[in-house]
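Listed here are the chains, written in short residue letters.
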Amino acid sequence: QVQFVESGEGLVQPGGSLRLSCAASEIPFSRYVIGWFRQAPGKQRELVAAISRDGRINYRDSMQGRFTISRDNANDTVYLQMNNLKPEDTAVYYCYTDPANIITIITSRAYWGQGTQVTVSS
């Protein structure tokens, strides 16, 4: 069974920062695309950021300059640093990995965790 360990959930004020982390077992996490998608109530799922094995990165335009994704292949861990958070960033953030190794979309081959709640509110 694929298992994800996700951390970083919390409540933050607008303009604040959070750091999410994710690790996975039972799959060669370090060899595949890893990243996050998010889903807010009443809204569709959207890709937040993804990073390939060789460091190619895809961000959604609204996250460009505010969010930074990085990976530590030695520890099979991915991080998402989120700065200058806005209320519209409030959502459940899901860590995922995709053996298809495509950073622009999440394919049907992807696996993901249970998600972490990020709430941005004053």
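Residues numbered from 1 in each chain as written. Predicted model: local features only at pLDDT ≥ 70, side-chain atom pairs only at ≥ 80, totals over all residues. Heavy atoms only, no water.

Engineer: Give me the lowdown on the packing of aromatic side chains, citing residues and values where you can.
Structural biologist: Applying the stated rule across the entire model yields three aromatic pairs. Measuring from centroid to centroid gives 5.0 Å for F37 and Y94, while their planes differ by 15°, and the two rings are stacked. Placement of the pair is F37 in strand 4 (residues 33–39) and Y94 in strand 9 (residues 91–98), with a sequence separation of 57 residues. What makes F37 buried here is its relative accessible area of 1%. The rings of F37, Y94, Y96 and W112 are connected pair by pair, giving a single aromatic cluster. Its end group placed over the ring of W112, R45 keeps NZ or CZ at 5.1 Å from the ring centre. (Phe/Tyr/Trp six-rings, centres within 6.5 Å; stacked < 30°, edge-to-face > 60°. Helix = DSSP H or I, 4+ residues; strand = E, 2+ residues; numbered from the N terminus. Buried < 20%, exposed > 50% of the residue type's maximum accessible area, 1.4 Å probe, protein only. Lys NZ or Arg CZ within 6 Å of the ring centre and 35° of its normal.)

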